[in-house]
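# Structural description and commentary
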Amino acid sequence: MKRLMLLAALITLVTSSLAEARIKVKGRGDNMNFDPESIEATFRPAFDLMSRKCIKCHTMGRTVISVQTGRAPITGQPFNKQAVKAYGIKMLRKPNSDMNKQEIRDIVLLLNHLLDENMK
Ligand code: HEC
């Protein structure tokens, strides 16, 4: 039984990292971003927040690629909901991140939503 679950987990991991990109993206390279028009109205405020806060140290492209591929480009770690949460906490602890707990929470929820959308 344990083996079967491990196998199932492995298959999920492989297929999710090979998953076709379903979220809409605009621009290339440094200008790459999620297509704002593809963001649902309820997530717009969080999207605006992310667009302001998460481009201080690197471009949005890094976040877009992470969501699309399910893999964080720098460390090569899987980029799933668990990773998003851990990353949010990591960001919060960065001395000059200029974000509070509520803002991180909103962005984590948005990224979780984008990960879901990408799986569709
Ligand atoms: C204070 C500077 C700073 C801010 C603000 C910042 N980042 Fe980062 N980010 C980094 C650095 C530095 C790295 C390189 C790896 C690391 O330290 O995790 C990184 C890496 C990443 C990665 C790739 C992680 C990996 O393991 O490959 C993602 C995705 C990411 N950032 C998303 C975001 C999001 C989303 C936000 C807004 C909530 C954000 N970043 C805000 C500095 C920042």
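The preceding data block contains the structure.
Please read these numbers as outputs of a predicted model, since none were measured by experiment. (Residues numbered from 1 in each chain as written. Predicted model: local features only at pLDDT ≥ 70, side-chain atom pairs only at ≥ 80, totals over all residues. Heavy atoms only, no water.)

Here we take up the side chain of Lys53. Inspection of the secondary structure puts Lys53 in helix H2 (residues 44-53). Using a relative accessible area of 15% as the deciding quantity, one classes Lys53 as buried. A polar atom in the side chain of Lys53 sits 2.9 Å from the backbone oxygen of Asp98. In this view, Lys53 contacts Asp98, Met99 and Glu103; residues no more than four positions away in its chain are not counted. (Helix = DSSP H or I, 4+ residues; strand = E, 2+ residues; numbered from the N terminus. Buried < 20%, exposed > 50% of the residue type's maximum accessible area, 1.4 Å probe, protein only. Polar contact = N/O pair within 3.5 Å; in protein donor to acceptor, adjacent residues only side chain to side chain. Contact = heavy atoms within 4.5 Å.)

As a further point, take the coordination of the iron atom of the ligand. Those protein atoms acting as donors to the iron atom of the ligand are His58 (NE2) and Tyr87 (OH), and they sit at 1.9 to 2.4 Å. Around the iron atom of the ligand sit six donor atoms; with metal-centred angles ranging over 64 to 179°, the donor geometry is irregular. One end of the pair, His58, is in the loop between H2 and helix H3 (61-69); the other, Tyr87, is in helix H4 (residues 81-93), and 29 residues separate them in sequence. Judged by relative accessible area, Tyr87 falls into the partly exposed class, the value being 34%. (Donors = N, O, S within 2.8 Å, 3.2 Å for Na, K, Ca; no water. Tetrahedral: all angles 85-135°; square planar, octahedral: opposite > 155°, others 65-115°.)

This next bit is on H4. Compared with the 18 Å implied by 1.5 Å per residue over 13 residues, the 19 Å span of H4 between its first and last C-alpha is a close match. Inspection of H4 places Val84, Gly88 and Met91 among the buried residues, and these make up the whole buried set. Axial view of H4: buried residues confined to an arc of 65°, hence all on one face. In this structure, H4 carries Gln82, Lys85 and Arg93 as exposed residues pointing more than 90 degrees from its buried face. Tucked inside the fold, the buried residues of H4 contact helix H5 (101-119). (Expected span 1.5 Å × (residues − 1). Arc of directions from axis to C-beta.)

Time to look at the site of the ligand. Near the ligand lie 21 residues; those nearest to it are Cys54, Cys57, His58, Thr75 and Tyr87. Interatomic distance of 2.8 Å between a side-chain N/O atom of Lys90 and an oxygen atom of the ligand. The side chain of Lys94 places a nitrogen or oxygen atom 3.2 Å from an oxygen atom of the ligand. In the shell around the ligand, the residues fall into eleven nonpolar, six polar and four charged. (Near = heavy atom within 4 Å. Nonpolar A, V, L, I, M, F, W, Y, C, P; charged D, E, K, R; others polar.)

With that out of the way, let us pick up the nonpolar core. With 24 residues, the main nonpolar core has Phe34, Met50, Val67, Ile107, Leu111 and Leu114 as its most contacted residues. For this core, the secondary-structure elements that each account for two or more residues are H2, H3, H4 and H5. With seven residues, H5 is the largest single contributor of residues to this core. The contact partners of Val67, leaving out residues within four places of it in the chain, are Ile23, Phe34, Phe79, Leu111, Leu114, Leu115 and Asn118. (Core = buried A, V, L, I, M, F, W, Y, C linked by side-chain atoms within 4.5 Å.)

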